[in-house]
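Fold and geometry: a report
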Amino acid sequence: MKSHFFRFVSLFLLTLVLITACDRTPSVTPQSEAPPALTLAYSLWPGYFPLVIAQEKGFFTQQGVKVELVYSENHQAPLSDFSAGKYDGMAITLGSFMSSIDKITGSQIVLITDRSTGADAIVAQPTIQSVSDLKGKRIGVKLGNFGELFVTKMLEQNGLDPKDVTLVNLEAESIVQSLKNGNIQAGQTWQPYVFQAVQSGKKVLFTSKQTPGLIPDVVVFRSNVLRERPDDVRAFIRAYFQAQDYWKTNPEETKTLIAKTLNLKPEEISTQGLELQDLKNNLAALTPGSTTESLYYTAQLYADFYTRTGGLSTAPDIQKLIDPSFVQQLQ
């Protein structure tokens, strides 16, 4: 009797094991999805051309990050789109970023791409011989932006007041045409538009070489991207520096590459009038200081100017707008 009982139990257990084995679905370990590309907007400015090089030469991929660049010839478009939440980051002039921080929350500067040392300029009709000749004249400039401070500094250095001229609110891209039409006697713009103005018979009256450190360009990322994807941001910065180096050592090849990508003339591609900022330059610029060598100091200049002229409602905390840690970690 006992043997029959044990045999029954054994058969029952064996049947249970077989049923369980047949019903079990093989487990599949889910593979983690690749992170989406970092999206970054930029406009037509030579200091941003290393972005093109990094993309076209595959440096972003080499450094381990996927990047989607969005180009616009209009320098205000990246800022507007970034403000609307369309992109993870943008390349922009410091002055343009500072003028918009009331609208942009939760974003920080992580990289300085270049400083303008002549590539920004006031171009004028050939009849204007000196800055003093601008008294009573019309000057085109984007009001409430870095160009307004640039024009103000030019006037102050030459004994004039902004009240001595008429400032006409114009985009830098339209200055050459407005000069041709005679709507203005001078205007603030930058390369390659300065080159185009000279080609059309206009003259360069004043440049950013005379306002050292006033016009730097930077890369800004959203704070949540910096928190959630720090490795990708560091890889982005490494690729940018790699592209800078490649441009310096391969000027002719990169000139052709950039011209083809952005539909420009090769002679419009140049680093003349600007200083690309490498890792060493960035480490110095992203340190608090008392001159325009420091991005903190220059950002405060813009904050004070915009607050005084009504562009900003309140003075911002500069310390919260700059995150030097990503550059510092690349030492």
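Presented here is an overview of the structure given in this document. (Residues numbered from 1 in each chain as written. Predicted model: local features only at pLDDT ≥ 70, side-chain atom pairs only at ≥ 80, totals over all residues. Heavy atoms only, no water.)

**Here's the deal with the environment of Q277**
Along the chain, the position of Q277 falls in the loop between β11 (274-276) and α12 (279-285). Given the relative accessible area of 4%, Q277 is considered buried. Taking C-alpha positions, Q277 is 8.6 Å from Q244, a pair spaced 33 residues apart along the chain. Apart from residues no more than four positions distant in its own chain, Q277 is found in contact with I112, T113, D114, R115, F241, Q244 and N282. (Helix = DSSP H or I, 4+ residues; strand = E, 2+ residues; numbered from the N terminus. Buried < 20%, exposed > 50% of the residue type's maximum accessible area, 1.4 Å probe, protein only. Contact = heavy atoms within 4.5 Å.)

**Points about the packing of aromatic side chains**
This structure, assessed with the given rule, holds nine aromatic pairs. Between F59 and Y246 the ring centres are 5.6 Å apart and the planes differ by 65°, which places this aromatic pair in the edge-to-face class. With a gap of 187 residues between them, F59 in helix α3 (residues 59-62) and Y246 in helix α10 (residues 230-249) connect regions that are remote in the sequence. Taking the relative accessible area as the measure of exposure, F59 reaches 6% and is therefore buried. Here the aromatic cluster, defined as three or more aromatic residues joined through ring pairs, consists of F60, F221 and F236. Geometry around F82 places R222 over its ring, the cationic atom sitting 4.0 Å from the centre. (Phe/Tyr/Trp six-rings, centres within 6.5 Å; stacked < 30°, edge-to-face > 60°. Lys NZ or Arg CZ within 6 Å of the ring centre and 35° of its normal.)

**Description of the sheet that holds strand β3 (residues 89-93)**
In space, the six strands of this open sheet follow the order β2-β1-β3-β10-β4-β11, with mixed pairing throughout. Edge positions in the sheet fall to β2 (67-72) and β11, since each of these pairs with one other strand and no more. On average, adjacent strands in this sheet sit at an angle of 30° to one another, irrespective of strand direction. Direction of pairing for strand β1 (residues 38-43) relative to β2: parallel, over a ladder of six bridges. Note that in β2 the partner of L38 across the bridge is V67. The strands touched by helix α2 (residues 49-56) are β1, β2, β3 and β11; relative to β2, the strand with the most contacts, the crossing angle is about 140°. (Pairing = 2+ DSSP bridges. Axes fitted to C-alpha atoms, helices over the stretch in contact; angles between N-to-C directions.)

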